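Each chain, letter by letter, is given below.
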Amino acid sequence: MSDFEHVFETPLEGAAADWTISQNWRAYTQVEHDTWDTLYARQMEILPGRACDAFLKGLQALDLNTGGIPDFALMNPKLKALTGWTVVCVPGLVPDDVFFDHLANRRFPSGQFIRKPDQLDYLQEPDIFHDVFGHVPMLTDPTFADYMQAYGRGGQRAQSLGMLKNLARLYWYTVEFGLLEDTDGLRIYGAGIVSSASESVFALEDTSPNRIAFDLERIMRTDYRIDDFQQVYFVVPSIEALNDATYEDFGPIYERLKGKTSIAVDAVEPYDRVISGGTQAYANKGGRFAA
Ligand code: PHE
Ligand code: CO
């Protein structure tokens, strides 16, 4: 989630120039390890048949359920052997350029902290459960691994062109909230969904949100909300198709986008290929703030 306000302007004391800190795995408390186990068990009740195969396969390959918060020293060699990625610890959200530099070098920055027991269902800042359980399994997939690195390089470029707002929407609607539809049916690959029990069900089964076929330029024009379930999800046929669709040079796209307005979160455009049209009932009733 690169596009939240970042919390600090310079690395905190004890952090390196690239903002990384030690995971300090031994310092986690039993309560914190239990939080991981609770969240993990809860997601595994929900995700089989809902998360895409690449995610479930990756989760298994990384062995993230050995009891408590994963120790990066044990997880990283497995991930590195599969796709060359590693996970590094950061104190929280980092500046965009730092984030892109990590991705471009196949390093995924993860928060070090875990949510408190009274925040199991909702938190606004990514913690280690979101970052590791949500993001890292997909990084074991060779195609997705390439996509994330390409995104890092693309981010550096978009930043220099002043187009980060548009590119960030691509990250949001793919890496965080992407769905895919293959011969098995509609499945989740986005980290923001697979790390949330309630959104894992909502994204696939609720009649409220729109589900629309992936369209690069359309996505780069579409607003998003960070405070509640999404009102629109974009669907790719496969991770390969996602990679292919984003391989082209974004330069001409950015030029076209400069003259165009944003698209609202609940809009359906005339050219959209709608997979399922939503009622927007959940959002219209006030979403998670409803009485
Ligand atoms: N093709 C993009 C560019 O030219 C780079 C990119 C790839 C961005 C994949 C995001 C995801 O900038
Ligand atoms: Co995230």
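Placed above this text is the structure.
Quick caveat: nothing in here was measured; it's all calculated off a predicted structure.

Visitor: Give me the coordination of the cobalt ion (ligand 2): which residues, what numbers.
Guide: Taken together, the protein donors to the cobalt ion (ligand 2) comprise His 130 (NE2), His 135 (NE2), Glu 176 (OE) and Glu 176 (OE), at separations of 2.0 to 2.8 Å. In this structure, the cobalt ion (ligand 2) is coordinated by four donor atoms arranged in irregular fashion, with angles at the metal of 52 to 136°. Here the donor residues of the cobalt ion (ligand 2) are spaced in sequence according to H-x4-H-x40-E. Residue His 130 is located in helix H5 (residues 128–135), and its partner Glu 176 is located in helix H7 (residues 164–176); the two are separated by 46 residues in the primary sequence. Owing to a relative accessible area of 5%, His 130 belongs among the buried residues under this scheme.

Visitor: Please set out the pattern of salt bridges residue by residue, giving values where relevant.
Guide: A complete count under the given rule lists 13 salt bridges for this structure. Among the ionic pairs, Asp 127 bridges to Arg 115, the shortest N-O distance being 2.8 Å. A residue pair is termed long-range when its members are at least 10 positions apart, and Asp 127 in the loop between strand E2 (107–111) and H5 and Arg 115 in the loop between E2 and H5 qualify at 12 residues. Each of the two residues, Asp 127 as well as Arg 115, counts as buried. Connected through shared salt-bridge partners, Glu 217, Arg 256 and Lys 260 make up one network.

Visitor: Got a sec to walk through the pairing of strand E1 (residues 86–90)? Specific residues and values, please.
Guide: Most of E1 sits out of view: five of its five residues are buried. Of the two faces of E1, the one carrying Thr 86, Val 88 and Val 90 and the one carrying Val 87 and Cys 89 are both buried. Note that E1 and E2 share five bridges and pair parallel. Of the residues in E2, the one forming a bridge with Thr 86 is Arg 107.

Visitor: Which residues make up the packing of helix H1 (residues 30–46) against H5, and what values do they have?
Guide: Close contact between H1 and H5 brings their axes to 11 Å; oriented N to C, the two are set at 40°. The orientation of H1 relative to H5 falls into the category oblique. Viewed along their axes, H1 and H5 form a crossing whose handedness is right-handed. Along its contact with H1, which presents Trp 36, Leu 39, Tyr 40, Gln 43 and Met 44, the element H5 presents Ile 128, Phe 129, Val 132 and Phe 133. Considered class by class, the residues forming the contact of H1 with H5 number eight nonpolar, one polar and no charged.

Visitor: Run through the site of ligand 1, naming residues and quoting values.
Guide: Taken together, Tyr 147, Ala 150, Tyr 151, Gly 154, Arg 157, Leu 170, Thr 246, Tyr 247, Glu 248, Asp 249 and Phe 250 make up all the residues around ligand 1. In this structure, Thr 246 approaches ligand 1 through a main-chain N or O atom, which is 2.8 Å from a nitrogen atom. Within the backbone of Glu 248, an N or O atom sits 2.7 Å from a nitrogen atom of ligand 1. Per element, the largest residue contribution to the shell around ligand 1 is five residues, and it comes from helix H6 (residues 142–161). When the residues that make up the shell around ligand 1 are grouped by side-chain class, the tally is six nonpolar, two polar and three charged.

Calculation notes
Residues numbered from 1 in each chain as written. Chains lettered and ligands numbered in written order. Predicted model: local features only at pLDDT ≥ 70, side-chain atom pairs only at ≥ 80, totals over all residues. Heavy atoms only, no water. Donors = N, O, S within 2.8 Å, 3.2 Å for Na, K, Ca; no water. Tetrahedral: all angles 85-135°; square planar, octahedral: opposite > 155°, others 65-115°. Helix = DSSP H or I, 4+ residues; strand = E, 2+ residues; numbered from the N terminus. Buried < 20%, exposed > 50% of the residue type's maximum accessible area, 1.4 Å probe, protein only. Salt bridge = Lys/Arg side-chain N within 4 Å of Asp/Glu carboxyl O. Pairing = 2+ DSSP bridges. Axes fitted to C-alpha atoms, helices over the stretch in contact; angles between N-to-C directions. Parallel < 35°, antiparallel > 145°, perpendicular 65-115°, else oblique. Left-handed = near helix turned anticlockwise from the far one by under 90°. Contact = heavy atoms within 4.5 Å. Nonpolar A, V, L, I, M, F, W, Y, C, P; charged D, E, K, R; others polar. Near = heavy atom within 4 Å. Polar contact = N/O pair within 3.5 Å; in protein donor to acceptor, adjacent residues only side chain to side chain.

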